[in-house]
Amino acid sequence: QVQLVESGGGLVQAGGSLRLSCAASGLTFSRYAMGWFRQAPGKERMFVAAISWDGTTIYYADSVKGRFTISRDNAKNTVYLQMNSLKPEDTAVYYCAAHRTSGTPGISRGPYAYWGQGTQVTVSS
């Protein structure tokens, strides 16, 4: 049974930082690209960042480029999202997801077969 468990969300002031983690189990982690998505109230779930199985290919949404950093530790079956210079518009539930591929990580929801339950990030102004 595949499980993705996010942690690290919370309430932070604008300009602050948070580090999200996503621990994976029940799958061969190194065979999966990993992605982060977010969903604000009343809006669609949107792509944030993705990383290939070996960490050599990384994509970011334009809205987070230069502020967020995705990374992974295959020995720990964990993917991270370091979020700096947070803005109120970053407020959302953040989800990690797994995409079975040895190639380019997906930047849309479609390729991702497994999803976590989400963690809330709230940025106050």
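What counts, and where the lines are drawn
- Residues numbered from 1 in each chain as written.
- Predicted model: local features only at pLDDT ≥ 70, side-chain atom pairs only at ≥ 80, totals over all residues.
- Heavy atoms only, no water.
- Disulfide = S-S within 2.5 Å.
- Helix = DSSP H or I, 4+ residues; strand = E, 2+ residues; numbered from the N terminus.
- Buried < 20%, exposed > 50% of the residue type's maximum accessible area, 1.4 Å probe, protein only.
- Polar contact = N/O pair within 3.5 Å; in protein donor to acceptor, adjacent residues only side chain to side chain.
- Contact = heavy atoms within 4.5 Å.
- Pairing = 2+ DSSP bridges.
- Axes fitted to C-alpha atoms, helices over the stretch in contact; angles between N-to-C directions.

**Focus: the state of the cysteines**
Chemically, a disulfide is nothing more than a covalent bond linking the sulfur atoms of two cysteines.
Part 1: What the rule picks out here adds up to one disulfide.
Part 2: The disulfide partner of Cys-22 is Cys-96, and the S-S distance across this bridge is 1.9 Å. One disulfide, between Cys-22 and Cys-96, carries an S-S torsion of 45 degrees and so falls in the right-handed class. Here the residue Cys-22 occupies a position in strand β3 (residues 18-25), and Cys-96 occupies one in strand β9 (residues 92-100), the gap between them amounting to 74 residues. This pair shows no difference in class: Cys-22 is buried, exactly as Cys-96 is.

**Things to note about the side chain of Thr-78**
Part 1: Topologically, Thr-78 is positioned in strand β8 (residues 78-83).
Part 2: A polar contact of 2.8 Å, which involves the side chain of Thr-78, links it to the backbone oxygen of Lys-76.
Part 3: When near neighbours in sequence (up to four residues on either side) are disregarded, Thr-78 contacts Ser-21, Cys-22, Ala-23, Phe-29, Arg-72 and Asp-73.

**Focus on the sheet that holds strand β1 (residues 3-7)**
Part 1: One open sheet holds the four strands; their spatial order is β1-β3-β8-β7, and the pairing between them is antiparallel. Two strands bound the open sheet, and with one partner strand each, they are β1 and β7 (68-73). Mean inter-strand twist for the sheet, computed between neighbouring axes without regard to direction, equals 15 degrees.
Part 2: As paired elements, β1 and β3 share five bridges and run antiparallel to each other. Bridge pairing in β3 links Leu-4 to Ala-24.

Function-wise, these values are silent; they only describe arrangement.
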